[in-house]
Amino acid sequence: MPRAFLIDTDVASDDAVALIMALRSPDVHVVAITTVAGNVEVQQASRNALYTVELCGADVPVYVGAEKPLSRAHQSATWFHGRDGLGDHGYPTPRRPPEKTHAVNAMIAAIEAYPGLVVITLGPLTNLALALDRSPSIASKVGRCVVMGGAPCCEGNVTPAAEYNIWVDPEAARTVMVSGLPIEMVGWQTSRGESILNETDITRIRTFNNPVAQFAIECNSRAREAYKEQTGEDGISLPDPVAMSIALDPSVGTQWSEHYVDVETRSELTRGMTVVDRLGVAADERNQTVWADVLRKGRKTKVCWTIDTKCWKEALFLSLR
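Here the structure is a predicted model, which is why all the values come from computation and not from measurement. (Residues numbered from 1 in each chain as written. Predicted model: local features only at pLDDT ≥ 70, side-chain atom pairs only at ≥ 80, totals over all residues. Heavy atoms only, no water.)

Peer 1: For this particular structure, what's the right way to read the nonpolar core?
Peer 2: Counting residues in hydrophobic clusters, the biggest one holds 60 residues, and the most contacted among them are Phe5 and Met244. Ranked by the residues each element gives to this core, the list is headed by helix α1 (residues 13-23), at 8 residues. Discounting residues that sit within four places of it in the chain, Met244 has contacts with Phe5, Ile7, Ala18, Met21, Ala22, Ile120 and Leu122. Judged by nonpolar contacts, the second largest core, of 37 residues, contains Ala106, Ala110, Met185 and Val303. (Core = buried A, V, L, I, M, F, W, Y, C linked by side-chain atoms within 4.5 Å. Buried < 20%, exposed > 50% of the residue type's maximum accessible area, 1.4 Å probe, protein only. Helix = DSSP H or I, 4+ residues; strand = E, 2+ residues; numbered from the N terminus. Contact = heavy atoms within 4.5 Å.)

Peer 1: Sorry if this is basic, but what is going on with the pattern of salt bridges here?
Peer 2: Pairs can form between side chains of opposite charge once their charged atoms are near each other. For the structure on display, the rule yields 21 salt bridges. The partner of Asp59 in a salt bridge is Arg96, with the nearest N and O atoms 2.5 Å apart. With Asp59 in the loop between α2 (42-55) and β3 (62-64) and Arg96 in the loop between α3 (78-81) and α4 (103-113), this residue pair connects regions lying 37 residues apart in the sequence. By relative accessible area, Asp59 is classed as exposed at 63%. In this structure Arg96 comes out as partly exposed when scored by relative accessible area, which is 30%. Glu99 is the salt-bridge partner of Arg96, the closest N and O atoms lying 3.2 Å from each other. (Salt bridge = Lys/Arg side-chain N within 4 Å of Asp/Glu carboxyl O.)

This is the structure:
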């Protein structure tokens, strides 16, 4: 039986590649794609999702979700991904429209219908937070919840303290982190350094000479430029596909540990920071009040610190051939 996946995403360039990996995986059934405001406005994210689904020749419903964070103004990342989120190459309008059901309702229905469903989040966690608020019991029915987000060990990619997906809607991220979901957090650091697609990797993908491979490289053209401006590293960084490779095969993650994790929501200096109790001091007397919400749920988050870069890239290559 194929594994059932639900993918919640703010589809821009790297999200599109992650969708391709799932849609072309022979042992995965993507039951739904839900979209959220993040990298781009939610309607644009939905168009990008539908275009990617069509490009893959798949038949997967796309549901439009939250138009803004729970309590903050939406701040996009079009400076990084381009105005349309896909590098501004003028891709055609998809033929199929999104579904009429709201993404939050679709998410709840899918979790109820597919016990043990794997939920993968590639954008801000607004939809999932709303679903948990409406139906808290779904937390116990999810098999795995792979979250691309956070900077557990290092600097963020939007502030010195925070990664973009968590920073955009920290209140939603905190709701998810204290929900009791079986979370596997794949932070931004896993897509840096040796994990980026270098010129040799990009050339190899181009030799596949098919529309999907061409799109995967082309739609990341602006993101490659922005990443170099941001970090000085030359190549294509793909945090969402890295997370998807771990959703497909957890052994891609080579160093894991379980900890209580909370999200900063009150400080503008550290807004969206993923605070990891790596030394196990959250339950100490001096910390119990601050960590009360996390401790009450009693469920730790699995944090991925490092990955097998060779395995991750081979999984990507396989999906694009």
